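Structure assessment
What follows is the residue order along each chain.
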Amino acid sequence: MSVQWDEVAASEIVRRHEGREGRLLPILHDIQASFGCVPEPAIPFLAQAMNVTRAEVHGVVSFYHDFRDRPAGRHMLKICRAEACQSMDGEGLARRLLDRLGLEWGGTTPDGTVTVEPIYCLGLCASAPAAMLDGQPMARLDDGSIGEIVREVSR
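Residues numbered from 1 in each chain as written. Predicted model: local features only at pLDDT ≥ 70, side-chain atom pairs only at ≥ 80, totals over all residues. Heavy atoms only, no water.

**Digging into the sheet that holds strand β1 (residues 75–80)**
- Across the sheet, which stays open at both edges, the four strands sit in the order β2-β1-β3-β4 with mixed pairing between neighbours. Two strands bound the open sheet, and with one partner strand each, they are β2 (114–119) and β4 (136–138). Averaged over all adjacent pairs, the angle separating strand axes in this sheet is 25 degrees, with direction ignored.
- Relative to strand β3 (residues 131–133), β1 runs antiparallel, the two being bridged by three bridges. (Pairing = 2+ DSSP bridges. Helix = DSSP H or I, 4+ residues; strand = E, 2+ residues; numbered from the N terminus. Axes fitted to C-alpha atoms, helices over the stretch in contact; angles between N-to-C directions.)

Right, dumping it as structure tokens:
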């Protein structure tokens, strides 16, 4: 799935943040909201527009887990990998779910249906293991709920 880079739209995003202190993160969030990801051409473009190095822009993009270089699927599934969820077989459940979808962490199904990403603590430790599907928290996951998740994202 490729992204159509639009330098005019990106220039407008940069312009909206002109004069703002610490503007790189808000610009990157707006770029991702507009394009579905932070496409490769955005790195040199932003470096030049902001008078910083490409390494600086790339470093910020690669440091924060929420930035993607490819568009996510229609559904975003974030599975908690923190200690409380691990202690309740969260890793085993996650592996079974990833295997069922034919994905690895950060992967998107070939049809663009779902992207599965790790997240480190949803604050649902007392209800572990937990996940979040399209912004909706899901707690006390088990093999049955994995099946429900797969059915939900397949619609």
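That was the structure; now back to the text.
**Regarding the side chain of threonine 113**
- Relative to the helices and strands, threonine 113 is located in the loop between α6 (90–101) and β2.
- The class of threonine 113 is buried, set by a relative accessible area of 7%.
- One polar contact links threonine 113 to aspartate 111, side chain to side chain, over a distance of 2.7 Å.
- Once residues lying within four places of it in the same chain are set aside, the contact partners of threonine 113 are Gly73, Arg74, His75, Val153 and Ser154. (Buried < 20%, exposed > 50% of the residue type's maximum accessible area, 1.4 Å probe, protein only. Polar contact = N/O pair within 3.5 Å; in protein donor to acceptor, adjacent residues only side chain to side chain. Contact = heavy atoms within 4.5 Å.)

**Thoughts on the side chain of histidine 75**
- Looking at the secondary structure, you find histidine 75 in strand β1.
- If we ignore the near neighbours within four places in the chain, the residues touching histidine 75 are Thr113, Val114, Thr115, Leu133, Asp134, Glu152 and Val153.

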